[in-house]
Amino acid sequence: MSELDNRWSLPAGTSRTSAGRRLRTVSLKRLKVRENMLAYAFLAPSLLLFGVFMFYPLLRSVYLSLYSTDPAGRVASFVGLQNFTALFSSGLFLDGIRVTALFALLTVPAGMLLALVLAALTHNLLRGKRLFQFAFSLPMVLSVGSAAVIWKFLFHPSLGMLNYGLEMAGLAPVPWLTSPKWALFSISLMTVWMNLGFNYIVISSGMQGIPDDMYESAKIDGAGPVAMFRQITIPLLSPTLFFVMVVSIIGAFQSFGQINILTQGGPMDSTNVFVYSIYREAFVNFRFGTGSAQALLLFVVIMLLTLVQFKWVEKKVHYQ
Amino acid sequence: MKKHVARQAAVYLILIAAAIFALYPVVYSFFLSVMKPEEASAFPPSIVPHSFNPANFIDVFGIVPIAAFIGNTFLVSGIVMIGQLITASLAAYAFAKMDFKGKGFIFSLFVASMMVPWEVTMIPNYLTVRSLNWLDTYQGLTVPFLATAFGTFLLRQFFLQLPKELFEAARMDGCGHIRYFLLHVLPLSRPAIGTLAVYSFLNTYNSYLWPLLITNSEMMRTVQIGISMLEFQESTSWNLVFAGITLVILPSLLLLVFGLKQLVRGMSAGALKG
């Protein structure tokens, strides 16, 4: 039953008689149908758009993945699962997953923790709250295009501010984007910065929703700020945190722009994340068949990850 | 008391350090945008500009028609934002507060579609838009993005958190779904809706690959393509590249200045807290 129940649909007096009961089942059924229709009407615009621009193209990608195509994208011949076996035997799939998983590990926990700590610290500020909120939300308004160009300059080996700062501190310069050891870390640093705005805004907005009197009564009971954070903020914020986590992991698995601009998958494929190698397969090598096969594998991986999160993590989420 | 002051000071120190990390790249690009070319490519780099050359901004307009790009991008982002707010709030309401056949299945379809990397659908979508003759049009730029699984999920999470007492009270008043949705859920969800509005606007404003694929004429191009054209043409004149970046991020920066309160406002105090 939905939350807006329909128990007032019938005068209470008649419901005791059997005729009333029959009438009641009929009208319940009708209300149920009406609620169904209304729900579908609410969903219709989204479903229609998804059908045309999401589900149909998805099927079409499955179709393409079983064919080889000419460079213009026209289907040339049916190859069965050959595109898939080629991905596994060449190591393209496993390498892509490895780099992408590492990238997610470097960006998601750090990004969430940073945003959570900053949101908690700014939540009860008396002075300068708006100023800090502005600063931490700021990265969100930058496109991946402009952000990557800015960081390209910061990472610049000789003109860049980062190496200049290291030099001032008496440290050796770092080959940010040119060494296979550093490149993925550098891109992760930039990505944590870029995601800070979104994570911070969503988490702060979740914190605003926690009623003040909870904190007040905890304070009367003598709870310190750390205890309040652990026992009130975190549990009540868990739906928001869960949301941020799901979105961040999916986002990490779909990153493309910063890699295209900063390293183009290099050096030595050290930043060749999954989506970038799909792009390379399809639009650089013009192998739409393997590109589609790879994209479908990415889809499967992301879906498994998300299902796992919904299955196990959402049990710990507390809804009010 | 002393301990309290020390703690406050530590909090502010951490926040200031973090704020520098967050702000510096942007402030630095503003600095670079007014430098003379010699200074922008000098070593050691200047932390603050020592030269002031606002002509950079005018020179950028000479290279690419940035004003037209910005206007275009605003129109497209506005259409997508309004469309997404309508479709997502309707769908989210159905998932959060209504009961219907196949709810679980349709919801998992939505969540699944959120996991579809858009690169999977890009080639077929391009073909669809081309067969509809929508290349180089506003329809082509907007219609594929009018529905959002992400936004639906965001609003659903928020709607689920609205207190049950509210429903009971509405039920007592004989309130139906449509009235309840329009008069109670939407106004109470202003923070989440505001978040989605700003987020979807910025997302579209910042999108790159799709506009690049489906627009050809200069007048249909969006701002992000403008930036890349600039970098392509003037890759050595960092001051001009950064003047372009500054012009491109200023509108969204203004949006943040005016939209921030809406974004982090939280629930309207009176309605839910007491």
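These numbers come from a predicted model, not from an experiment.

### Observations concerning the overall build of chain A
In terms of helices and strands, chain A carries 12 helices and 2 strands. Starting at the N terminus, the α and β elements of chain A follow one another as α-β-β-α-α-α-α-α-α-α-α-α-α-α. In terms of overall size, chain A is more extended than a compact globule, its C-alpha atoms giving a radius of gyration of 26 Å where 320 residues would be expected to give roughly 20 Å. Seen through its principal axes, chain A has C-alpha atoms that stretch 85 × 65 × 30 Å. The buried share among the 320 residues of chain A stands at 52%. Of the roughly 15,400 Å² that chain A leaves accessible, carbon and sulfur atoms contribute 66%.

### Describing the overall build of chain B
Scanning chain B for helices and strands turns up 15 helices and 0 strands. When the 274 residues of chain B are sorted by exposure, 55% land in the buried category. A separation threshold of at least 6 residues defines the contact pool for chain B, and within that pool the share at least 24 residues apart is 72%.

### Here's the deal with the domain arrangement of chain B
All names here are of chain B. The assigned domain composition of chain B is domain 1 (1-57) and domain 2 (65-271). Once you take the C-alpha centre of each, domain 1 and domain 2 turn out to be 31 Å apart. Across the domain 1-domain 2 interface, the total number found is 0 salt bridges. Where domain 1 meets domain 2, there are 3 residue pairs in polar contact (both at pLDDT 80 or more). Listed by contribution, the elements that provide at least two residues to the side of domain 1 that touches domain 2 are helix 1 (2-33), helix 2 (37-40) and helix 3 (55-63).

### What to know about the UniProt feature "transmembrane region" (unreviewed entry) in chain B
Residues and elements named next belong to chain B. UniProt records the feature "transmembrane region" (unreviewed entry) for residues 12-31, 60-93, 105-126, 138-159, 180-202 and 238-258 in the present numbering. This span, residues 12-31, is 100% helix and 0% strand, and a straight line between its end C-alpha atoms measures 26 Å. Between the end C-alpha atoms of residues 238-258 there is a gap of 30 Å, over a span that is 100% helix and 0% strand.

### Digging into the packing of aromatic side chains
All names here are of chain A. Tallying each qualifying case throughout the model produces 42 aromatic pairs over all chains. Centroid distance W182 to F185: 5.6 Å. Interplanar angle 80 degrees. Geometry classified as edge-to-face. Owing to a relative accessible area of 37%, F185 belongs among the partly exposed residues under this scheme.

### Some thoughts on the nonpolar core
All names here are of chain A. Ranked by size, the top nonpolar core spans 173 residues in total, and within it F136, I203 and F243 carry the most contacts. Considering every element that reaches this core, the biggest residue donor is helix 9 (residues 225-253), with 14 residues. Excluding its chain neighbours within four sequence positions, the residues that come into contact with I203 are M112, A115, L116, A119, L237, T240, L241 and V244.

### Thoughts on unusual backbone geometry
Peptide bonds are mostly trans, and most non-glycine residues show a negative phi. With phi around 55 degrees, A:F286 is a residue other than glycine that occupies positive phi space. Mapped onto the fold, A:F286 is located in the loop between helix 11 (274-284) and helix 12 (288-313). Among the residues examined, A:F286 registers a relative accessible area of 39% and is labelled partly exposed. Although it is not a glycine, B:N133 adopts a positive phi angle of roughly 60 degrees. Inspection of the secondary structure puts B:N133 in the loop between helix 6 (118-131) and helix 7 (138-142). Among the residues examined, B:N133 registers a relative accessible area of 67% and is labelled exposed.

### Focus on the domain arrangement of chain A
When the parts come together, some accessible area is lost, and that loss is often what is quoted as the size of the interface. Residue and element names in this part refer to chain A. Assigned domains within chain A: domain 1 (30-79) and domain 2 (87-143 + 184-316). For domain 1 versus domain 2, the distance between C-alpha centres works out to 27 Å. On the side of domain 2, 7 residues touch domain 1, which itself brings 11 residues to the contact. Contact between domain 1 and domain 2 buries roughly 640 Å² in total, counting both sides, with carbon and sulfur atoms accounting for 72%. Considering only the side of domain 1, the residues that lose the most area to domain 2 are S65, T69 and P71, jointly responsible for 50% of the buried surface there. Counting residues per element, the side of domain 1 that touches domain 2 draws most heavily on helix 1 (residues 18-65), which supplies 5 residues. Its residues assigned to classes, the side of domain 1 that touches domain 2 comprises 6 nonpolar, 4 polar and 1 charged.

### Observations concerning a nonpolar patch on the surface
Side chains of A:L102, A:L105, A:L106 and A:F185 sit close together on the surface and give an oily, nonpolar patch of about 370 Å² of accessible area. Among the secondary structure elements, A:F185 is positioned in helix 7 (residues 183-208).

### Details of the interface of chain A and chain B
Listed as interface residues are 99 residues of chain A and, on the opposing side, 107 residues of chain B. For the pairing of chain A and chain B, the buried interface totals around 9,500 Å² over both sides, and the portion due to carbon and sulfur atoms is 76%. Counting across the interface, chain A meets chain B through 1 salt bridge. One salt bridge in this structure joins B:D99 and A:K32, with 3.8 Å as the shortest N-O distance. Our enumeration of links across chain A and chain B arrives at 9 residue pairs in polar contact (both at pLDDT 80 or more). In terms of residue count, helix 1 of chain A provides more of the side of chain A that touches chain B than any other element does, 22 residues in total.

### Quick notes on helix 9 (residues 164-172) of chain B
Residue and element names in this part refer to chain B. Listed in full, the buried residues belonging to helix 9 are L166, F167, A170 and R171. Projected onto a plane normal to the axis of helix 9, the buried residues spread over an arc of 135 degrees and lie on a single side. What points out from helix 9, more than 90 degrees from its buried face, is the exposed set E165 and M172. With its phi angle positive at about 70 degrees, G174 sits one or two positions after the end of helix 9.

### Details of helix 6 of chain B
Residues and elements named next belong to chain B. Taking 1.5 Å as the rise per residue, helix 6 with 14 residues should run 20 Å; its terminal C-alpha atoms sit 19 Å apart, in good agreement. The sharpest bend along helix 6 reaches about 35 degrees and sits at P124. Those residues of helix 6 that fall on the buried side of the exposure criterion are E119, V120, T121, M122, I123, P124, N125, T128 and V129. Positive phi shows up at N133, right after helix 6, with a value of about 60 degrees.

### Considering the UniProt feature "transmembrane region" (unreviewed entry) in chain A
All names here are of chain A. When the UniProt feature table is mapped to this numbering, "transmembrane region" (unreviewed entry) covers residues 37-59, 97-119, 131-154, 182-202, 236-256 and 293-313. For residues 37-59, the helix share is 100%, the strand share is 0%, and the end-to-end C-alpha distance is 28 Å. Between the end C-alpha atoms of residues 182-202 the distance is 30 Å, and the span holds 95% helix and 0% strand.

Definitions and limits used
- Residues numbered from 1 in each chain as written.
- Chains lettered and ligands numbered in written order.
- Predicted model: local features only at pLDDT ≥ 70, side-chain atom pairs only at ≥ 80, totals over all residues.
- Heavy atoms only, no water.
- Helix = DSSP H or I, 4+ residues; strand = E, 2+ residues; numbered from the N terminus.
- Rg over C-alpha atoms; globule rule 2.2 N^0.38 Å.
- Buried < 20%, exposed > 50% of the residue type's maximum accessible area, 1.4 Å probe, protein only.
- Areas by Shrake-Rupley, 256 points an atom, 1.4 Å probe, with all protein chains shown as cover.
- Contact = heavy atoms within 4.5 Å.
- Domains from an automatic or database assignment.
- Salt bridge = Lys/Arg side-chain N within 4 Å of Asp/Glu carboxyl O.
- Polar contact = N/O pair within 3.5 Å; in protein donor to acceptor, adjacent residues only side chain to side chain.
- UniProt positions renumbered as here; feature names shortened; annotations may be inferred.
- Phe/Tyr/Trp six-rings, centres within 6.5 Å; stacked < 30°, edge-to-face > 60°.
- Core = buried A, V, L, I, M, F, W, Y, C linked by side-chain atoms within 4.5 Å.
- Buried area = accessible area lost by both parts, 1.4 Å probe.
- Nonpolar A, V, L, I, M, F, W, Y, C, P; charged D, E, K, R; others polar.
- Patch = residues over 30% accessible without salt bridge, like charges linked within 9 Å, V, L, I, M, F, W, Y side chains within 5 Å.
- Arc of directions from axis to C-beta.
- Expected span 1.5 Å × (residues − 1).
- Bend = angle between axes of the 7 residues up to and from the residue.

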